[in-house]
Amino acid sequence: MNSFKIKSYAKINLALNVIGKKSKLHNIESLISFIDLHDSITLRESKIKQHKINFFGKFSKNISKINTISKLLKILDNKKLLNNKKFEIKVIKNIPQKAGMGGGSMNAASLLNFFIEKKIIKLKKSEIRKISNEIGSDVILGIKPSFAVLLSNGDIKKYKNKIKFHILVAKPNFGCSTKYIYSKVNSFSKPQFNPLKQKLFEAKYLKNLDNDLEKVALNKYPELKIIKSYLSGLPNSLFARMSGSGSSIVAYFHSKKACKKACSQYKRKFNSHWCIESKTI
């Protein structure tokens, strides 16, 4: 049987505001981009009785048997959308866990995208959102990934953006607990991104924004404060900001040359950390 390869791209938050809290969940608004760092998913239909999912690569350790992909397949099976088809799935994990880049969520989103595009399943937009939300709150962002604005009411507005950034993504040897970081947020911002503005993804506008989760993360982990300060001070760095709830911090550049040089400098300074050059897509 034919096998298929899927690229599951990492998500980054260029800015993130915590607007308030509803029951147990926080209301946020965010400017979202995807980068060319990706996990590689290979799948093929099989005559096995149960789906088989295996993870490989540097960041594959300690992934639970109950993960975003297994949750997606269980939902689709329960709804009888796969017509009893079973799949063997292999995932090479290139995106670090607990990094604020949505690696696991984007795996599920990429697989759901694949099933829809190949007409293996047929879903209405409302059904796609419902299934995505059952797996994780940010899965919906990976459906047809592009620059996007997540509004405080939960709406997502896709943004056709011609501005591209070269980026340096740095992560220390620890991750951040999303649950913990959000639990310590005790002040809220006012919405900034609605109505949509043409300048939302321009560097001059972005550099004056924030990630409201940074304050908690940087207080909890002083090393992150050191990393951000270093990245912000690199030559030609437009700005540096944590993605999601961390622990990855991203420095933004206009040129590939400047980004490459910055990456070399960072590796010399923090040689035990993970870092990578990438770009927005």
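Residues numbered from 1 in each chain as written. Predicted model: local features only at pLDDT ≥ 70, side-chain atom pairs only at ≥ 80, totals over all residues. Heavy atoms only, no water.

Novice: Got a minute to help me understand the packing of aromatic side chains in this structure?
Specialist: Geometry of an aromatic ring pair is reported as the spacing of the ring centres plus the angle between the planes. Using the criterion set out here, one finds 12 aromatic pairs in the structure. Judged by centre distance (5.4 Å) and plane angle (80°), the ring pair of Tyr 230 and Phe 270 falls under edge-to-face. Placement of Tyr 230 in helix α7 (residues 222–232) and of Phe 270 in the loop between α8 (256–269) and β10 (274–279) is noted, with a sequence separation of 40 residues between them. Exposure remark for Tyr 230: the relative accessible area of 24% places this residue in the partly exposed category. Since its relative accessible area comes to 11%, Phe 270 is described here as buried. These aromatic residues form a ring-pair network of at least three members: Phe 4, Phe 87, Phe 114 and Phe 115. Above the ring of Tyr 180, the side-chain terminus of Lys 220 is found at 4.9 Å from the ring centroid. (Phe/Tyr/Trp six-rings, centres within 6.5 Å; stacked < 30°, edge-to-face > 60°. Helix = DSSP H or I, 4+ residues; strand = E, 2+ residues; numbered from the N terminus. Buried < 20%, exposed > 50% of the residue type's maximum accessible area, 1.4 Å probe, protein only. Lys NZ or Arg CZ within 6 Å of the ring centre and 35° of its normal.)

Novice: Sorry if this is basic, but what is going on with the sheet that holds strand β9 (residues 249–253) here?
Specialist: Two orientations exist for strands paired in a sheet by backbone hydrogen bonds: parallel and antiparallel. The 4 strands are arranged β8-β9-β7-β10 in an open sheet whose pairing can be described as antiparallel. Of all strands in the sheet, those bounded by a partner on one side alone are β8 (239–242) and β10. Each adjacent strand pair in this sheet contributes to an overall mean axis angle of 20°, direction not counted. Summarising the sheet, β8 and β9 pair through 4 bridges and their orientation is antiparallel. When the bridges of β9 are listed, Met 242 appears paired with Ile 249. Against the sheet, α7 touches β7 (166–171), β8 and β9, its axis set at about 5° to β9. Packed onto the sheet, α8 meets β7, β9 and β10 and runs at close to 15° relative to β7. (Pairing = 2+ DSSP bridges. Axes fitted to C-alpha atoms, helices over the stretch in contact; angles between N-to-C directions. Contact = heavy atoms within 4.5 Å.)

Novice: Hey, could you run me through the pairing of strand β3 (residues 52–56) in this one?
Specialist: When a strand is regular, its side chains alternate between the sheet's two faces. One ladder, built from 5 bridges, connects β3 with strand β4 (residues 86–92); its direction is parallel. Of the residues in β4, the one forming a bridge with Ile 53 is Ile 89. Regarding topology, helix α1 (residues 68–78) serves as the crossover connection from β3 to the parallel β4, and that connection is left-handed. (Right-handed = clockwise from strand over helix to strand, strands pointing away.)

Novice: Teacher, can you tell me more about the nonpolar core here?
Specialist: Soluble globular proteins tend to pack their nonpolar side chains together in the buried interior. In terms of nonpolar packing, the biggest core is built from 66 residues, with Ile 89, Leu 111, Phe 115, Ile 121, Ile 131, Leu 168 and Leu 231 touching the most fellow members. Core analysis: the next-biggest nonpolar cluster, separate from the first, contains 29 residues, Leu 37, Phe 193, Phe 201 and Leu 209 among them. (Core = buried A, V, L, I, M, F, W, Y, C linked by side-chain atoms within 4.5 Å.)

Novice: Help me understand α7 in this model?
Specialist: Helical periodicity: at 3.6 residues per turn, an α-helix aligns residues three or four positions apart in one direction. Within α7, the full set of buried residues consists of Leu 224, Ile 227 and Leu 231. All buried residues of α7 project into a common sector of 60° when viewed along the axis, lining one side. Residues Pro 222, Ile 226 and Ser 229 are exposed on α7 and point more than 90 degrees away from its buried face. Its buried side turned inward, α7 meets β7, α6 (214–220), β8, β9 and α8. (Arc of directions from axis to C-beta.)

Novice: Explanation requested: helix α3 (residues 125–135) in the structure shown.
Specialist: Residues of α3 that are buried: Ile 128, Ile 131, Ser 132 and Ile 135. One face of α3 carries all of its buried residues, which in axial projection span an arc of 100°. Looking at α3, the residues exposed on the side facing more than 90 degrees away from the buried face are Ser 126 and Lys 130. On its buried side, α3 packs onto α1 and α2 (103–117).

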